[in-house]
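Structure assessment
This is what each chain is made of:
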Amino acid sequence: MPRPHSHVLLVLADATLRRGLLKGLTAAAKSLDNPYGIAFSGVGSAAEALEIARGDGDLQSVLIDGLGGEGWRADELVSALHALRPELDLYVLVDSARDEETVGELIREAIDGFFIRDEADPRGWFRIIQAEIQEKSRTPFFDALREYVLMAKDAWHTPGHSSGDSLRASPWAAGFHEFVGENLLRADLSVSVDMLDSLLDPKGVIAQAQDMAARAFGAQRTFFATNGTSTANKVIFQTLLAPGDKLLLDRNCHKSVHHGVVLSGARPVYLNSSVNRTYGLFGPVPKKTLFEAIEAHPDAKALILTSCTYDGLRYDLPPIIAAAHAKGIKVIIDEAWYAHARFHPALRPTAMEAGADYATQSTHKVLSALSQASMIHVNDPDFDAHLFRENFNMHASTSPQYGIIASLDVGRQQAMMEGYKLLQRTLELAEELREAIDATNAFQALTLTDLLPAEVHGDGIRLDPTKITVDISKSGFTVAEFQQVLFERFNIQVEKSTFNTVTLLLTIGTTRSKVSRLHDALLRLAREARAPRKLVRAPEIAGFTELHYLPRDAFYCEGELLPLIDDDEHANPALDGRICADQITPYPPGIPALVPGQVITREIVQFLLSLMRSHKRTDLHGVVHDGYTPCLRVMTRADEAANRRL
Ligand SMILES: Cc1ncc(COP(=O)(O)O)c(C=O)c1O
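The numbering scheme is per chain: residues are counted from 1 as the chain's sequence reads. In view of the model being predicted, local features appear only for residues whose pLDDT reaches at least 70, and side-chain atom pairs are presented and counted only at 80 or more, with totals across whole chains, interfaces and linings using the full set of residues. Calculation of side-chain values draws on the structure's entire complement of heavy atoms; hydrogens and water are dropped beforehand.

Should DSSP find at least two bridges between two strands, the strands are regarded as paired. Numbering goes from the N terminus for both helices and strands, where a helix is a DSSP run of H or I of at least four residues and a strand is a run of E of at least two. Pairing in this open sheet of four strands is antiparallel, and the strands run S16-S18-S20-S19 from one edge to the other. Each end of this open sheet is capped by a strand with a single partner; those strands are strand S16 (444-445) and strand S19 (496-497). Where S19 and strand S20 (residues 501-505) come together, two bridges link them in antiparallel fashion. The residue of S20 that forms the bridge with lysine 496 is threonine 503. In the packing of helix H18 (residues 402-439) onto the sheet, the strands contacted are S16, strand S18 (467-471) and S20, and the crossing angle to S18 comes to about 5°. Residue contacts are defined here by distance: any two heavy atoms, one from each residue, within 4.5 Å place the two residues in contact. Here, axes are lines fitted to C-alpha atoms. For helices the fit covers the stretch in contact, and angles between N-to-C directions go from 0 to 180 degrees.

Have a look at this one:
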């Protein structure tokens, strides 16, 4: 296993004192056990310290002279370092207890400890610095899981494969054992194992791991979810919203949010997202629309937005959250695509930092956690822990996958210890890749300006550069051909596509060799010089029509199926004005064209038909096939009469 390097920086203007302390600390590092590879260096000014903090991804701790130096103050340096990299351990050197008082209250929270300069005790200081690094890098759940597996207890409990014993010697199924590996099966355990705590009532190692995650992500409380952000969103909805409660939501939200509306019985106020018509992409809700909705619906219980979006667009959250809070509206931010943001200043502020009450993150999408591993972060001052727990347990399996929980623990640890370094590399690779794509002259990496719909210019929207949307129209390939050729000839699988674009997702696992293989593939394809094709006009999703019934009432109605097409294969006029009972979601992009309770119009039916007839494969979730006939489930006239109209 590679051994870690941990750099510790001493910021001290007095060169003689600095040299002396560094000598003592380095000697301590050499003579004592040093499993984290701690090494010391020193600088004399805040400017140099900040430069090192920006450039050195292995930096873990900084010792700052409380007296400051020429042109810099210790408290200012502490604040600047904390703002840049909140995961760093910061210590202040003081002369006596009196000096300690000079450290302002504001920065006290950012400081991990004090050392008394005139009581220089390099071995003692080394031990303290090391203990803090050890604490940060602990993985309480993963350690307990590994320890339990090593204890090789006989399993008289679920799961049925019994540590892989049912598979290992099977002439039929041993291949699975061999493929997934022994440890995965041995670590697949059940809640019967007390020492591994319970996800549904954490008091031991899971509680510790969650607390460490809360500190790492800047939340008051953090909960691990092993059923993805899809479930995390529903848990929050059911906690915050009672049937009939008003909710402001971006229509562009993930389908789990719309499912949460049905489950909670909330009354949604849909906010229209901006649309980039050139590329058929959905953008954020305009700030003006948001502020107007907050003003018009001060009785709303919650507002939910997605930031950043699948394409990497993120809101200027602080003023939006402040406006919602001024009316007492709770703010939930779906950060499914943004769990990495906390660990690089170029990506911050995160939702928690911007003041959101709740944030849900798919740790698995961008950090090193297994699929379905998500976190719920809470900063709500009115958080009802009991209600939350009831709702969490309503959705969570009583047999959670322990490998997923361990991966959340390790994902947090890695992000804390080397997230900055890895993200710095990812951002550099993203920049290089963007330039390389543009240099092909056949492919174009879309910039923030290209992506932003006109309605949100000036709204302070920013782009997460690790998500690269590439316009491929000039290459002459259709998206389907392009994806096929990348896959078959070049062994490359991309994240998603639209009618004219493909999206590449860079993560902390993206390597330079992957980037060069992709670049090489693009260069070769560009040389094939097909005639450029026009941008395909994607069928335009129809504007939101009226909601006549609560989504929950519509969803649970008896319903009847009506065909999408009439006998002449045209949009069925019988659907016009009827009320949809299901959520109809073209995927990709996964934004519902209809939600339960919404009035169906001819334009919407035509939109769905044009998607079905298009050569670009789009799944239509919610459309039912009666034999070969695609149908929508609608409320019957009796359902309409029996339910309360909004
Ligand atoms: C915005 C958004 N929220 C939530 C989810 C669901 O996340 P998960 O796959 O972790 O369930 C997704 C998934 O793509 C998403 O795009």
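Further remarks concern empty space enclosed by the protein. Only protein atoms enter the 1 Å grid used here. Points where a 1.4 Å probe fits but cannot escape make up a cavity, open sets with protein on both sides within 12 Å along at least five of seven lines make up a pocket, and a residue lines them when an atom lies within 4 Å of a point. Grid points are joined across faces, edges and corners, and a volume is the space filled by probe spheres set on the points. With the rule as written, the count across this model stands at five cavities of 30 Å³ or more. Size it by volume and the largest cavity reaches roughly 50 Å³. If you trace the largest cavity, you find it lined by Ser307, Arg314, Tyr315, Leu317, Ile333, Glu335, Tyr338, Pro349, Thr350 and Ala351. When residues are sorted by character, Ala, Val, Leu, Ile, Met, Phe, Trp, Tyr, Cys and Pro go into the nonpolar class, Asp, Glu, Lys and Arg into the charged class, and all the rest, Gly among them, into the polar class. Class assignment of the residues belonging to the lining of the largest cavity gives a composition of six nonpolar, two polar and two charged. Of the voids in this model, the second largest cavity is the one considered here, and its volume is about 40 Å³. Around the second largest cavity, the lining residues are Ala225, Thr226, Asn227, Thr231, Val235, Phe392, His395 and Ala396. If you list the elements that add at least two residues to the lining of the second largest cavity, you get helix H12 (228-240) and helix H17 (385-395).

On to the domain arrangement of the protein chain. The start and end points of each domain follow an automatic or database-based domain assignment. You can read the domains of the protein chain as domain 1 (6-136), domain 2 (188-416), domain 3 (419-527) and domain 4 (551-642). The gap between the C-alpha centroids of domain 1 and domain 3 is 40 Å.

The next subject is the side chain of threonine 360. In this structure, threonine 360 sits in strand S14 (residues 358-361). We call a residue buried when its accessible area falls under 20% of the maximum for its residue type, exposed when it is over 50%, and partly exposed in between, using a 1.4 Å probe and counting protein chains only. Overall, the relative accessible area of 0% leaves threonine 360 in the buried class. Here a polar contact is taken to be a pair of N or O atoms separated by no more than 3.5 Å, where protein atoms must pair a possible hydrogen donor with a possible acceptor and residues adjacent in sequence count only if both atoms sit in side chains. In this structure the side chain of threonine 360 is engaged in a polar contact, spanning 2.9 Å, whose partner is the side chain of asparagine 233. Beyond its immediate stretch of four places on either side in the chain, threonine 360 contacts Thr229, Ala232, Asn233, Ile236, Ile333, Asp334, Glu335, Ala336, Met375 and Ile376.

Bringing the sheet that holds strand S25 (residues 629-634) into the picture now. Strands sit in the order S21-S25-S24 across an open sheet of three strands; the sheet is antiparallel. Among the strands making up the open sheet, the edge pair consists of strand S21 (560-563) and strand S24 (624-626). Shown here is a sheet whose adjacent strand axes are inclined to one another by a mean of 50°, direction ignored.

The next thing to look at is the pairing of strand S11 (residues 302-306). Consecutive side chains of a regular strand alternate in pointing toward one face of the sheet and then the other. Of all five residues in S11, five are buried, a share of seventy percent or more. Here S11 shows a buried face lined by Ala302, Ile304 and Thr306 and a second buried face lined by Leu303 and Leu305. Alignment of S11 against strand S13 (residues 330-334), held across five bridges, turns out to be parallel. Considered in S13, the bridge of threonine 306 is made with aspartate 334.

We now examine the layout of surface pockets. Its boundaries defined by the atoms lining it, the second largest pocket holds a volume of some 860 Å³. Lining the second largest pocket we find 23 residues, and of these Met1, Pro2, Pro4, Ser137 and Gln413 sit closest to its centre. The class makeup of the residues in the lining of the second largest pocket is eight nonpolar, eight polar and seven charged. Domain assignment of the residues forming the lining of the second largest pocket places at least three in each of domain 1 (6-136) and domain 2 (188-416).

Every patch collects residues that have over 30% relative accessible area and no salt bridge, joining them within 9 Å if they carry like charges and within 5 Å if they are nonpolar side chains (Val, Leu, Ile, Met, Phe, Trp, Tyr). Accessibility throughout is a Shrake-Rupley quantity obtained with a 1.4 Å probe, and a residue counts as covered only by protein chains that appear here. Put simply, a salt bridge is a Lys or Arg side-chain nitrogen that is within 4 Å of an Asp or Glu carboxyl oxygen. Together, Leu263, Phe555 and Tyr556 make up a nonpolar patch on the protein surface, roughly 280 Å² of accessible area in all. Of note, leucine 263 is situated in helix H13 (residues 255-264). Judged by relative accessible area, leucine 263 falls into the partly exposed class, the value being 30%.

Let's shift gears to H17. Residues Phe388, Arg389, Asn391 and Phe392 constitute the buried set of H17. Along its buried surface, H17 packs onto strand S6 (221-225), H12 and strand S15 (374-378). With a side-chain oxygen positioned 3.2 Å from the backbone nitrogen of histidine 386, the residue opening H17 is aspartate 384.

Counting 89 residues, the largest nonpolar core has Phe40, Leu63, Phe141, Leu247 and Phe392 as its most contacted members. Ile321, Ala324, Ile333 and Ala351 belong to the second-largest nonpolar core, a separate cluster that totals 33 residues. For this analysis, a nonpolar core means a set of buried residues of the types Ala, Val, Leu, Ile, Met, Phe, Trp, Tyr and Cys, connected via side-chain atoms within 4.5 Å.

This part is about the packing of helix H20 (residues 479-490) against helix H21 (residues 512-527). In the contact formed by H20 and H21, the axes pass within 11 Å of each other and the chain directions differ by 120°. With respect to H21, the element H20 is oriented oblique. Helix-helix and strand crossings are classified by hand; for H20 and H21 the assignment is right-handed. The segment H20 lies against H21, with Phe482, Val485, Leu486, Arg489 and Phe490 engaging Ala521, Leu522, Arg524 and Leu525. Across the contact of H20 with H21, the residue classes tally to seven nonpolar, no polar and two charged. Put simply, angles under 35 degrees are roughly parallel, angles over 145 are roughly antiparallel, angles from 65 to 115 are roughly perpendicular, and the rest are oblique. Helix crossings get a hand from a simple test, with the near helix turned counterclockwise from the far one by less than a right angle marking a left-handed crossing and a clockwise turn marking a right-handed one.

Moving on: the site of the ligand. We call a residue near a molecule or strand as soon as one heavy atom of that residue lies within 4 Å of the molecule or strand. The ligand sits among 13 residues. The nearest are Ser230, Asp334, Trp337, Ser362 and His364. At 2.8 Å, a side-chain N or O of serine 362 approaches an oxygen atom of the ligand. For the ligand, an oxygen atom lies 2.7 Å from a polar atom in the side chain of histidine 364. Considering each element in turn, the shell around the ligand owes the most residues, four residues, to H12. Among the residues making up the shell around the ligand, the classes are represented as two nonpolar, nine polar and two charged.

What follows covers the pattern of salt bridges. By the definition in use, this model includes 31 salt bridges. The salt bridge partner of aspartate 95 is arginine 117, with a shortest N-O separation of 2.3 Å. Residue aspartate 95 is found in the loop between strand S4 (89-94) and helix H4 (97-102), and its partner arginine 117 is found in the loop between strand S5 (113-116) and helix H6 (122-136); the two are separated by 22 residues along the sequence. Close ionic contact of aspartate 380 with lysine 330 constitutes a salt bridge, the shortest N to O distance being 2.8 Å. With aspartate 380 in the loop between S15 and H17 and lysine 330 in strand S13, the pair connects residues that are 50 residues apart, well separated along the chain.

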